[in-house]
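Next come the chains, spelled out residue by residue.
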Amino acid sequence: IAASIMCKKLASGADAIVLDVKTGDGAFMKTLDDSFALAKEMVEIGTEMNRETIAIISDMDEPLGSAVGNSLEVIEAIEALKGRGPKDFMTLCQTLGAYMLVSSKIASDYEDGLKRINEALESGKALEKFKEFVGAQSGCSEIIVLPKAKMSLEIKAIQDGFIQSIDSRIVGESAVLLGAGREKKSDTIDYGAGIILYKKTGDIVNMGDTIAVLYAESEDNLKNAEKLFNISYIIDEEKPITKPLIYKTIK
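**A look at the overall build of the protein chain**
- Tallying secondary structure elements over the protein chain gives 8 helices and 10 strands in all.
- The principal-axis extents of the C-alpha atoms in the protein chain amount to approximately 55 × 45 × 40 Å.
- Buried positions account for 40% of the 251 residues belonging to the protein chain.
- Sequence separation of at least 24 residues holds for 72% of the intrachain contacts in the protein chain that already meet a minimum separation of 6.

Structure below.
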């Protein structure tokens, strides 16, 4: 795995590499020890090839951000470039961005890098850079029209309490049933399908509160995904122990 990932980064000619290594139920590496071992191996490979390499080990026990699905995730990314993304998504992007600036010798240290990232968000430069990317690929940078699913279904909390956990794997499989991903290579992706999570781990809910909304082109897709998605959330009376978003930085 380390060789597969790093050969692409090195072959592209990057002088500095910042890796986001996931850990948890929704990640390839389920345990922190395995994630640490993979991150350490990749950093060693990069360093031996004279590349400035840093790895961040971040949590994937629940989906990152609120959006799951192609068009929905692009919308969330654009909101993040305006400084209005979900807290966990913004924190991870700001952290990775700050370390990238340090690795690129643009920022003097992590705090300087984080300051520069926040300034780019607040000034609108981050969004302007995105528009530049779109324009460079012959897209319209001022009017971005994204696919939107015809149908939606609200998922309600079945009891009062706290969100104990959200199974990332089940959420991902639910998105596939909605049409947002493929079960096999020949499947067609519905770019407007997906899920918006309105409640995350640790949030308090009352019975009947909307915890998520499913989007799809057909009622059958919604019903099939609903059955599976309903078991992704666990609600309990006690507030769960808060897990860190970022576990470790390896240099």
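**Observations concerning the packing of aromatic side chains**
- Under the counting rule described, the total for this entry stands at 2 aromatic pairs.
- Note on Tyr99 and Tyr110: the rings are 4.8 Å apart at their centroids and 40° apart in plane angle, and the pair reads as tilted. Here the residue Tyr99 occupies a position in helix H4 (residues 87–103), and Tyr110 occupies one in helix H5 (residues 110–123), the gap between them amounting to 11 residues.
- Ring centres of Phe229 and Tyr233 lie 5.7 Å apart, and the angle between their planes is 50°; on these two criteria the pair is classed as tilted. Each member of the pair, Phe229 as well as Tyr233, is classed as buried.

**Quick word on the nonpolar core**
- Counting residues in hydrophobic clusters, the biggest one holds 22 residues, and the most contacted among them are Leu178, Ile195, Ile211, Ala212, Leu214, Phe229 and Tyr233.
- If you list the elements that add at least two residues to this core, you get strand E5 (161–166), helix H7 (168–178), strand E6 (194–197), strand E8 (210–216), helix H8 (219–229) and strand E9 (233–236).
- Dropping the residues within four chain positions of it, Ala212 is found in contact with Leu153, Glu154, Ile155, Ile195, Ile196, Leu197, Tyr198 and Phe229.
- If you look at the next biggest cluster of nonpolar residues, it comprises 14 residues, including Ala2, Met6, Ala39 and Ile250.

**Side note on the side chain of Ser103**
- Checked against the element boundaries, Ser103 lands in helix H4.
- What makes Ser103 buried here is its relative accessible area of 4%.

**Digging into the sheet that holds strand E10 (residues 246–250)**
- Read across the open sheet, the 3 strands follow the order E1-E2-E10; overall the sheet is mixed. Looking at which strands have only one partner, the edges of the open sheet turn out to be strand E1 (16–23) and E10. Put simply, the sheet's adjacent strands are angled 15° from each other on average, direction ignored.
- Across 4 bridges, strand E2 (residues 52–59) lies against E10 in antiparallel orientation. If you follow Ala55 over to E10, its bridge partner there is Ile250.
- Helix H1 (residues 2–11) contacts E1 and E2 of the sheet and is inclined by roughly 155° relative to E1.

**Structural notes on H5**
- Given a rise of 1.5 Å per residue, 14 residues ought to cover 20 Å, and the 20 Å separating the end C-alpha atoms of H5 matches this to within 8%.
- Those residues of H5 that fall on the buried side of the exposure criterion are Asp112, Gly113 and Leu121.
- Buried-residue contacts for H5 involve helix H3 (70–81), H4 and helix H6 (125–136).
- Of the residues flanking the start of H5, the one acting as N-cap is Asp109, its side-chain oxygen 3.3 Å from the backbone nitrogen of Glu111.
- With its phi angle positive at about 95°, Gly124 sits one or two positions after the end of H5.

**As for the environment of Leu72**
- Looking at the element boundaries, Leu72 is found in helix H3.
- Residues Leu72 and Ala193 lie 121 residues apart in sequence; the distance between their C-alpha atoms is 7.9 Å.
- Ignoring any residue separated from it by four or fewer positions in sequence, one finds Leu72 in contact with Ala67, Ala193, Gly194, Ile195, Ile196 and Tyr215.

**Let's talk about the packing of H4 against H5**
- Packing of H4 against H5 brings their axes to within 8 Å, and their N-to-C directions diverge by 120°. Between H4 and H5, the angle falls in the class oblique. H4 and H5 meet at a crossing whose hand is right-handed. In this structure, H4 uses Met90, Gln94, Thr95, Gly97, Ala98, Tyr99, Leu101 and Val102 to contact H5, whose residues at the interface are Tyr110, Gly113, Leu114, Arg116, Ile117, Asn118 and Leu121.
- The class makeup of the residues in the contact of H4 with H5 is 9 nonpolar, 5 polar and 1 charged.

**A word on the pattern of salt bridges**
- The final tally for this structure, using the stated rule, is 16 salt bridges.
- For Glu44, the salt bridge identified is with Lys40, shortest N-O distance 2.7 Å. In this pair, Glu44 and Lys40 are both assigned in helix H2 (residues 32–48), 4 residues apart and thus about one turn of the helix distant.
- With a shortest N-O distance of 3.7 Å, Lys131 and Glu142 are connected by a salt bridge. Taken together, the positions of Lys131 in helix H6 and Glu142 in the loop between H6 and strand E4 (151–156) put the pair 11 residues apart, joining distant regions of the chain.
- Through salt bridges that share partners, Glu79, Lys82 and Arg84 make up one connected network.

Parameters and conventions
Here, residues in each chain are numbered from 1, in the same order as that chain's written sequence. Totals for whole chains, interfaces and linings use all residues, but because this is a predicted model, local features are given only for residues with pLDDT of at least 70 and pairs of side-chain atoms are given and counted only at 80 or more. Processing note: side-chain calculations cover all non-hydrogen atoms of the structure and skip hydrogens and water entirely. A run of H or I in DSSP becomes a helix once it reaches four residues, and a run of E becomes a strand once it reaches two; helices and strands are each numbered from the N terminus. Only protein chains enter the area calculation, which uses a 1.4 Å probe; residues under 20% of their type maximum are buried, those over 50% are exposed, and those in between are partly exposed. Residue contacts are counted whenever heavy atoms from the two residues lie within 4.5 Å of one another. Aromatic pairs are defined between Phe, Tyr and Trp rings, using the six-membered ring for Trp, whenever the two ring centres lie within 6.5 Å; interplanar angles under 30 degrees are classed as stacked, those over 60 as edge-to-face, and all others as tilted. In this text, buried Ala, Val, Leu, Ile, Met, Phe, Trp, Tyr and Cys residues form a nonpolar core when linked through side-chain atoms within 4.5 Å. In this scheme, strands are said to pair when DSSP sees at least two bridges between them. Between the N-to-C directions of two axes lies an angle of 0 to 180 degrees, each axis being a line fitted to C-alpha atoms and, for a helix, fitted only over the stretch in contact. Multiplying 1.5 Å by the helix residue count minus one yields the expected span of that helix. A 3.5 Å cut-off defines polar contacts: any pair of N or O atoms within that distance qualifies, except that in protein one atom must be a possible hydrogen donor and the other a possible acceptor, and neighbouring residues in sequence count only when both atoms are side-chain atoms. Roughly parallel refers to an angle under 35 degrees, roughly antiparallel to one over 145, roughly perpendicular to one between 65 and 115, and oblique to any angle outside these ranges. If you view the pair so one helix is near and one far, a crossing is left-handed when the near helix is turned anticlockwise from the far one by less than a right angle, and right-handed when it is turned clockwise. Polar here means any residue outside two lists: the nonpolar Ala, Val, Leu, Ile, Met, Phe, Trp, Tyr, Cys and Pro, and the charged Asp, Glu, Lys and Arg; Gly therefore counts as polar. Salt bridges are defined by distance alone: a side-chain nitrogen of Lys or Arg within 4 Å of a carboxyl oxygen of Asp or Glu.

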